[in-house]
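# Residue-level structural notes
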Amino acid sequence: MVSTNEPIQIFFFPFVGGGHQIPMIDTARVFASHGSISTIITTPSNSIHFKNLITRDQQNGLNITIHTLTLPHNSVDIIDMFSGPMTDTSNLLEPLKQLLLLQQPDCIVVDMFHRWAGEVMDDLGIKMIVFTGNGCFPRCVHENIRKHVQLENISSDYEPFIVPNLPDRIEMTKSQLPIFLRDHSVFPDRLKAFKQLEEKSFGTIINSFYDLEPAYADYVRKELGQKAWIVGPVSLCNRSKEDKTERGKVSTIDEKSCLNWLNSKKANSVLYVSFGSLASLPHEQLKEIAYGLEASDHSFIWVVGKTFNSSKIEESGSANFLLDGFEERMKENEKGLIIRDWAPQLLILEHVAVGGFLTHCGWNSTLEAVSSGVPMITWPLSAEQFSNEKLVTDVLKVGVQVGSKEWVFWNAETEWKGTVGRKNVELAVKKLMGKSEEAEKMRTRVKEIARKARIAVEEGGTSYAEVDALIEELKAHRVALKA
Ligand code: UDP
C-alpha cells in the first residue's frame, strides 16, 4: 500500500451503462480534481464511451486513469449504454478480485447493481463505498414506505396514502411504487444482495447537494443512520463543450447544428423532451407525445431513444413511428428538432433558449435540470422516478405533472399500461412554457436552486467540503492501519 503522505487512491467501479455509469465517471473526476488518484474500473466496450473525456482530464493534469478488466475466456462483454439494472455482471468478479489483490487501493466505490461485489470485499478487507445513483429524498420515501406502510391494507392501487414520518406531506399511490416495494416475492435474492452490499460498505456517496434537499439530507444521516457524503451535482465538473457533447456517449447530432438551432430561438422558448438512457416507449405513446407537442405550439427538442413495438425493443432510427409528415412539418416550420438515440443533454439544458424539460425524472436528469435552472414537466415511469417527481412538484415546486400514474418496467418485456394522452401533454406544455405567473415563479425558484448548486461544488461549498472530508477520512484510516 502507498505511504501515508501519498495521495489517496480510490477505485471507481461504475455499473455498465447509462444513468449509473455517467455520474460515477463524473464523481471519479471530481475526486481527482481534489487531489486523489482516481481509477475507473470497466470493461473494454464500456471504456470507449468515456475514453476521450478521461484523456482530456489527464492532459489537464488530473491523476485519473481507466483500467479495463480482462474478461474471462468465453465471457462476453455484453455491456453497453442500454444494459439494465438486472444485467448480470458477475463475470467481472474474478478479474476485479485479481486487480484489487495486486493494487490494494485505499477504497473502492461500487455501484449497487454490481450486487455480487460484497463477496470480493469480504476476502480483501478493502474499504468499500456504495453508490446507488439516487438522491436523499427518494431514499427517505422508499425507506419509510418499506418500514411503516402496510400496503396490503390499501385496497385500491390508486388510493393516495401519506408517506409517514417525512418532513413534508408526500402522497403516493400503490400504482406509483416499484414492483419490489409492492410485492416482496419479486427479486428477493437481488434485494438481499443489495442490502448486504450496503451493510458491508463504509458509507455511501450521494450525487446531490445539501441545499437542494436539506431536511432529507439530515434525515438520511440522523433517521436512516446512513453515513453519507453528498458531493454533487457532479455533472457540473463538465466545463468544456467537448465534455458536454461527449458525455455518456458521443451525441447523434453534432454540437454545431444543435447550438445553431437553439441560437435561433428566443430565451426560455424551447422545451427539451427526453426519457433518459434506458426507457423504451411504445409507438402509441410516442404518437400521443407528438400530437401533444404539436398542439401546444411551443418549440421543442425531442430525443427519441429506444422504442418498442409488439414487445420488441428497436432503435428509434429504424422505424418511422411518428405521425404522417410530423417530422417534416416540424422541420419546415422550425418548431421541432428530433434527435434519435443520444443528445448532448448538458449542452442543451444550459442553453438560454431552453425554458423547460419534459423528463422521466431519472435522478440525473432531475439534478441536471435544477442545476441548469430549468423547470420540468414530470413524467415518471420506473425505478424511484415517482418519488423524484414529488420532490420536483411538491417540495421544490419547480415542475408540473403530466399525469403519469403507473410504474412500469424500463424494458419491453412487460405489458405497457401507462399511456398518457395527447391532451395531458398539450396542457402540461402550455402550463409550463406559457407566460403565467405560476410558470414565472417556478422559473425564479429553479434559477435560485441552480445558483446554490454552483456554490455547492465550488471551494467553500458543502459538496466541495464533503469530497475533502471523505479524502481526509480515508487518510486517517490509512494512518490507523499503519500504526
Ligand atoms: N443522457 C444524455 N443524452 C441522452 C440521454 C441521456 O446525455 O440522450 C444522460 C443524461 O444527461 C443523464 C443520464 O444520461 O446524465 C440519464 O440518467 P437519468 O438518471 O436521468 O435516467 P436513466 O437513464 O438512469 O433512466
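Check the entry above for the structure.
In this text, all values refer to a predicted model and were calculated from it rather than measured experimentally.

### Remarks on the nonpolar core
- Of all hydrophobic cores here, the largest spans 126 residues; its most connected members are F12, V109, Y272, I301 and I377.
- Of all the elements, helix α1 (residues 18–33) adds the most residues to this core, at 7 residues.
- Filtering out sequence-adjacent residues up to four positions away, V109 remains in contact with I10, F12, F13, M24, I129, F131 and I205.

### Brief notes about the site of the ligand
- Near the ligand you find 18 residues, and of these G19, G276, S277, G362 and S365 are the closest.
- The set of elements that each furnish at least two residues to the shell around the ligand consists of α1 and α15 (363–371).
- Residue contributions to the shell around the ligand peak at 4 residues, all from α15.
- By residue class, the composition of the shell around the ligand is 6 nonpolar, 10 polar and 2 charged.

### Notes on the packing of helix α5 (residues 117–124) against helix α8 (residues 188–200)
- α8 packs onto α5 with a crossing angle of 35° between their chain directions and a minimal axis gap of 9 Å. For the crossing formed where α5 meets α8, the hand is left-handed. Only Q196, L197 and K200 of α8 make contact with α5, whose side of the interface consists of A117, G118 and M121.

### Concerning the pairing of strand β8 (residues 203–206)
- Both strand β5 (residues 127–131) and β8 contribute to a ladder of 3 bridges, which runs parallel. Bridging across to β8, V130 finds its partner in T204.
- Both β8 and strand β9 (residues 228–230) contribute to a ladder of 3 bridges, which runs parallel. Looking at β9, one finds that I206 is bridged to I230.
- The parallel pair β8 and β9 is bridged by helix α9 (residues 214–222), and the resulting crossover is right-handed.

### Some thoughts on helix α19 (residues 462–482)
- With 21 residues, α19 ought to run about 30 Å at 1.5 Å a step, and its terminal C-alpha atoms sit 30 Å apart, in line with that.
- On its buried face, α19 sits against α1, β4 (107–111), β9 and α18 (437–457).

### Focus: unusual backbone geometry
- Residue G232 is joined to P233 through a cis peptide bond whose omega torsion reads -5°.
- Position of P233 relative to the elements: it lies in the loop between β9 and α10 (241–246).
- At D297, a residue that is not glycine, the phi angle is positive and equals roughly 65°.
- Tracing the chain through its elements places D297 in the loop between α12 (283–296) and β12 (299–304).
- With a phi angle near 45°, A383 is a residue other than glycine that sits in the positive phi range.

### Focus on the environment of T42
- Tracing the sequence through the fold places T42 in strand β2 (residues 37–42).
- Classification of T42 by C-beta neighbours within 10 Å gives buried; the count is 27.
- A C-alpha to C-alpha distance of 40 Å links T42 and D168, two positions 126 residues apart in sequence.
- Those residues in contact with T42 that lie beyond four places of it in its chain are P14, S47, I66 and T68.

### Quick look at the sheet that holds strand β3 (residues 64–68)
- Judged by pairing direction, the sheet is parallel, and its 7 strands sit side by side in the order β3-β2-β1-β4-β5-β8-β9 without closing on themselves. Of all the strands in the sheet, the pair left with one neighbour each is β3 and β9. Sheet twist, expressed as the average angle between the axes of neighbouring strands with direction ignored, equals 25°.
- Pairing of strand β1 (residues 9–13) with β2 involves 4 bridges; the strand directions are parallel. Along β2, the bridge assignment pairs F12 with I40.

Rules used throughout
Residues numbered from 1 in each chain as written. Predicted model: local features only at pLDDT ≥ 70, side-chain atom pairs only at ≥ 80, totals over all residues. Core = buried A, V, L, I, M, F, W, Y, C linked by C-beta atoms within 7 Å. Buried ≥ 20, exposed ≤ 12 C-beta atoms within 10 Å, placed from the backbone. Helix = DSSP H or I, 4+ residues; strand = E, 2+ residues; numbered from the N terminus. Contact = placed C-beta atoms within 7 Å. Near = placed C-beta within 6 Å. Nonpolar A, V, L, I, M, F, W, Y, C, P; charged D, E, K, R; others polar. Axes fitted to C-alpha atoms, helices over the stretch in contact; angles between N-to-C directions. Left-handed = near helix turned anticlockwise from the far one by under 90°. Pairing = 2+ DSSP bridges. Right-handed = clockwise from strand over helix to strand, strands pointing away. Expected span 1.5 Å × (residues − 1).

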